[in-house]
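# Chain and residue survey
Chain residues, written in single-letter form:
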Amino acid sequence: MLYDLSTNQLIGIPEWAEEEMKQDFPDFFKGKPVQLCANPDFMITSMKVPSHDYNQEPKLFVEPPADYSIKPRGIMFDKEDGYQMHIQYSEGAINTSSQEVRKITIRHNMTVQPYEKEFLFYLQYLCPIIKDNKSHRKSSRPIFKFDKPEVEAKNKIDAARAARDLENLIYFDAPYTIVMKAINGLALTPKDSEEENRVMLHDSIKAGSETFRKNAFEILNSYQKKQEVSSEETIHELVNRLSSEGFIKNEDGIWYLRDRRGDGTKWLKNPFFESIEEKNAFALIDHLKVNEELLDKLRKLK
């Protein structure tokens, strides 16, 4: 069971999180348990003499760490609206009037059964001692990890394929005019040659934030779309209007949309545009000139 500690209400797994879990643990949703194992970095090594023959030379023994008891609660941020959530996992109903929290024990070779979906959610999104999970607050001692060699192998292949596809797109497939549109739209400083510009754009996308990469691919993918002539307000007028009316704000080159729910005084956590070099509105204006998808979204704000 999952509880929202800010309301003391029973909640379900967020839809976006469950979709991510299906990608991260595909066999789990087909009825196969997920297994935890000790992080190799925290295995305990020691030299021991075999108990059946003390005359033998000491041998190296490798043992898993001791079982770990932990309070199953934590903080996460909703990816859809950016809100901070205080969540507690429990194997049964909790006493909301009590400050006492029932601990759970995590151990080497522990299995999570297919009917324990909420427990898997806790381990993946809230537990601080699981290596490479999606917990917001991580321990400096990630003692355990998910034992899923088939997924790790697939992720390695997918990462290699994505890196190759990015190289093909920037180095060979995208017309140079589109490469330059992307460089200008992302407020990067052009280099002296085509080769330098292609390499710079590739490296910037590879090292950029999620928002930067999204903006870049919106531009690169737009060159196949037909340009449409519009009689609406200019991009410069659009940006000025949305800023003055409080729909968007600029924080040192990072642009946010206002959260239109509630009293309208909060902003969505995830930015919609991020400029590496120029920090003023001209960076966003130049970007919107080549990013039709984002421009259409902003035009719909009224």
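Residues numbered from 1 in each chain as written. Predicted model: local features only at pLDDT ≥ 70, side-chain atom pairs only at ≥ 80, totals over all residues. Heavy atoms only, no water.

## A word on helix α2 (residues 117-125)
So the rule is basically this: For every residue, the accessible area (1.4 Å probe, protein chains only) is compared with the maximum for its type, and the residue is labelled buried under 20%, exposed over 50%, or partly exposed between those bounds. Put simply, DSSP marks the helices as runs of H or I at least four residues long and the strands as runs of E at least two long, and each gets a number from the N terminus on.
The buried fraction of α2 amounts to seven of the nine residues, a majority that puts the element mostly inside the structure. For α2, the complete set of buried residues consists of F119, L120, F121, Y122, L123, Q124 and Y125.

## Topic: the sheet that holds strand β2 (residues 9-11)
Our working rule: Here, any two strands with at least 2 DSSP bridges between them count as paired. Orientation is described by lines fitted to C-alpha atoms, with helices fitted over the stretch in contact, and by angles between N-to-C directions that extend from 0 to 180 degrees.
The sheet built from four strands is open, its strands ordered β2-β1-β8-β7 with antiparallel pairing. Either end of the sheet is taken by a strand with one partner, and the two such strands are β2 and β7 (73-77). Strand-to-strand twist of the sheet, defined as the mean angle between neighbouring strand axes without regard to direction, takes the value 40°. Relative to β2, strand β1 (residues 2-4) runs antiparallel, the two sharing three bridges. Residue pairing across strands places Y3 opposite L10, the latter belonging to β2.

## A look at the confidence of the model for the protein
Definition in use: Confidence scores labelled pLDDT are given residue by residue by the predictor and lie between 0 and 100. Pairs of residues are marked as contacts when any of their non-hydrogen atoms sit within 4.5 Å.
Averaged over all residues, the pLDDT of the protein is 88; the fraction at 70 or higher stands at 95%. Throughout residues 226-231 the model reports pLDDT below 50, and contacts reaching past four residues in sequence, or to other chains, amount to three contacts.

## Side note on the sheet that holds strand β13 (residues 254-257)
The three strands lie next to each other as β12-β13-β14, forming an open sheet whose pairing is antiparallel. Strands with a single pairing partner mark the edges of an open sheet, and in this sheet they are β12 (248-251) and β14 (273-274). The sheet contact formed by β12 and β13 spans four bridges and is antiparallel. Across the sheet, K249 pairs through a bridge with Y256, a residue of β13.

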